[in-house]
Amino acid sequence: MTSRPGIAAVATAAVLVLTGCGSANGQADERDLTVFAAASLTDTFTELAERFEKEHPGVEVTTSFGGSSDLVAQIEDGAPADVFASADTKNMGKLGDLATDPRAFAANTLEIATPPGNPAKISGFQDLAEPGTKVVVCTVEVPCGNATAEMEKLTGVDIEPVSEEQSVSDVLAKVTSGDADAGLVYVTDVTAAGDSVTGVELEESGRVVNSYPISVLDGADDAELAQAFVDLVLSETGQKVLADAGFSQP
Amino acid sequence: MPRWLWFPAALAAAFIILPLAAIVLRVDPATLPALVTSPSALEALWLSLRTATAGTALCILLGVPLATVLARTSFRGQGLIRSLVLLPLVLPPVVSGLALLYTFGRRGLLGQSLDLVGIQIPFTTLAVVIAQTFVALPFLVISLEGALRTSGTRYEAVAATLGARPTTVFRRVTLPLVAPGLLSGSVLAFARCLGEFGATITFAGNLPGVTSTMPLQVYLLRVDDPDAAVALSLVLVVVAIAVIGFARHGRAL
């Protein structure tokens, strides 16, 4: 019976260790930077984070990617993010004063992604409204969905999607698995997906352009370090990484 | 019992009860009726009830024979089959969704052939039902198999010696004996169907009225309309409480 409190102590200790709680965590010269970025930035920001770690020894960058609106909600609920990069200005705007100094760093346009070889023979935006075509889009709350809705309004083409996904990566997943005939994603997603999708460029793509803002967040643990990351994104190096991935200038 | 156990026990109870209270406290009673009866909420609720009912029916249809075979026979590899059948219970739902996609998806194991005859399952309400059935079936099998083992074969043997055929015995003796177990298993399966999220969003997608069930709706709304998300959550909490009450009444838990 006397061993029970012992077991409890061991269990408590185990929980603390396993969840990374406690104070003896990391050395004094190790610094953490947490970057929240739109799902469409997954590849580029992963690369930029690695560069940043190389340039700043002892700094560990943690990245979290998701739908911009999702990330905004998490930040508003107190997620420990230092930097936020949104896929549109609308979602950055929701943060208000929490975003200290939003600056545009890239722009993106829409493109159709189809399974390799484009089996449904999609040739343009109007084909997406063809009955029987399985089209997956982003839900209107996230930037890619907002852009899709705008494109529908501008072209008068009314898409009836089979699914409205939470982020551009979810759309892409349904296309690469071959279950959707087409998905509306960003130009950069098609580039990043390589051989696993076939892209169909949109004639109208220039009419809806998403501008990507980035900002240090109010309450960043180390505002200087966070600003250094923003500077890297805005620098020539950062802009080259983004351009290589298919992003255009803001 | 040592008296100090009261403290951690109270902590554990509070750990469960507090978050539930928090969601109830978040509800704004003034806007609640309008939010729960909005067309999109009703659409999601109706879809959830329909799919969960269909999923439960499918669970009963498939689960009763399986539980009976597992409880009443013994064959090589039975232990392995039992373990595999219980797997969806512990598998992360998103993995279940991927597994279903690779089975029934357009390029899936069965989906490829189904596609040839014009049947496409992903993005349909049927996909929702399949996802729900996949994750809920083990609940029914587990409770029913337990009930079958506890009830024993005595009455069945007597019925057989009186000249009843196996099918008659199964229908008139076995099933009535385990009716409470079947009922509670079905209620648990229904609850699991109603709460399914991960497998559904991975396999069936998200479209209002077709695949966007209550949990998907809550997930979607929580960002842009937290009040509506909370209101829908409350509905799910109430349904869950009703299910537990029902199952406990039938002494399943």
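Taken residue by residue, the interface counts 14 residues in chain B and 16 residues in chain A. The leading source of residues in the side of chain B that touches chain A is helix H12 (residues 214-224) of chain B, at four residues.

Residue and element names in this part refer to chain B. Viewed as axis vectors pointing N to C, helix H7 (residues 125-151) and helix H10 (residues 179-195) meet at an angle of 160°, and their least axial separation amounts to 8 Å. For the element pair H7 / H10, the angle class is roughly antiparallel. As for the relative orientation of H7 and H10, their crossing is right-handed in sense. Note on element contacts: H10 touches H7 through Gly-181, Leu-182, Ser-184, Gly-185, Ser-186, Leu-188, Ala-189, Arg-192 and Cys-193, opposite Gln-132, Val-135, Ala-136, Phe-139, Leu-140, Ser-143, Leu-144, Gly-146 and Ala-147. Per-class residue counts for the contact of H7 with H10 are ten nonpolar, seven polar and one charged.

The next thing to look at is the confidence of the model for chain B. As a note on interpretation, predicted positions should not be read in detail where pLDDT is low. When pLDDT is averaged across chain B, the result is 91; 98% of the residues are at 70 or more. Model confidence for the complex: the whole-complex pTM is 0.81, and ipTM, which rates the interface, is 0.73.

This next bit is on the environment of A:Asp82. Residue and element names in this part refer to chain A. Structurally, Asp-82 is set in the loop between helix H3 (68-76) and strand E3 (83-85). Spatially, the C-alpha atoms of Asp-82 and Cys-144 are 24 Å apart, while their sequence positions differ by 62 residues. When neighbours within four sequence positions are excluded, Asp-82 is seen to be in contact with Leu-33, Thr-34, Val-35, Val-216, Leu-217, Ala-220, Asp-221 and Ala-226.

All names here are of chain A. If you check the domain split of chain A, you get domain 1 (29-107 + 212-244) and domain 2 (108-209). With centres defined by C-alpha atoms, the gap from domain 1 to domain 2 works out at 26 Å. Residue-level contacts link 17 residues of domain 1 with 15 residues of domain 2. When contributions to the side of domain 1 that touches domain 2 are tallied by element, the ones reaching two or more residues are helix H2 (42-55), H3, helix H4 (89-94) and strand E4 (103-114).

What follows deals with helix H5 (residues 143-155) of chain A. Residue and element names in this part refer to chain A. Helix length check: H5, at 13 residues, gives a terminal C-alpha distance of 18 Å against a target of 18 Å (1.5 Å per residue), a fit within 8%. Of all the residues in H5, the buried ones are Pro-143, Cys-144, Gly-145, Asn-146, Ala-147, Thr-148 and Met-151. After H5 finishes, the residue Gly-156 shows a positive phi value of roughly 75°.

In this section: the pairing of strand E7 (residues 182-186) of chain A. Walk down a regular strand and you will see the side chains alternate between the two sheet faces. All names here are of chain A. By the criterion of burial, E7 is predominantly enclosed, with five of the five residues buried. Here four bridges tie E4 to E7, and the two strands are oriented antiparallel to one another. Its bridge partner lying in E7, Ile-112 is registered against Leu-184. Of the pairings in the sheet, the one linking strand E5 (residues 135-138) to E7 comprises two bridges and is parallel in character. When the sheet's bridge partners are listed, Val-136 is paired in E7 with Gly-183.

What counts, and where the lines are drawn
Residues numbered from 1 in each chain as written. Chains lettered and ligands numbered in written order. Predicted model: local features only at pLDDT ≥ 70, side-chain atom pairs only at ≥ 80, totals over all residues. Contact = placed C-beta atoms within 7 Å. Helix = DSSP H or I, 4+ residues; strand = E, 2+ residues; numbered from the N terminus. Axes fitted to C-alpha atoms, helices over the stretch in contact; angles between N-to-C directions. Parallel < 35°, antiparallel > 145°, perpendicular 65-115°, else oblique. Left-handed = near helix turned anticlockwise from the far one by under 90°. Nonpolar A, V, L, I, M, F, W, Y, C, P; charged D, E, K, R; others polar. pLDDT = per-residue confidence, 0-100. Domains from an automatic or database assignment. Expected span 1.5 Å × (residues − 1). Buried ≥ 20, exposed ≤ 12 C-beta atoms within 10 Å, placed from the backbone. Pairing = 2+ DSSP bridges.

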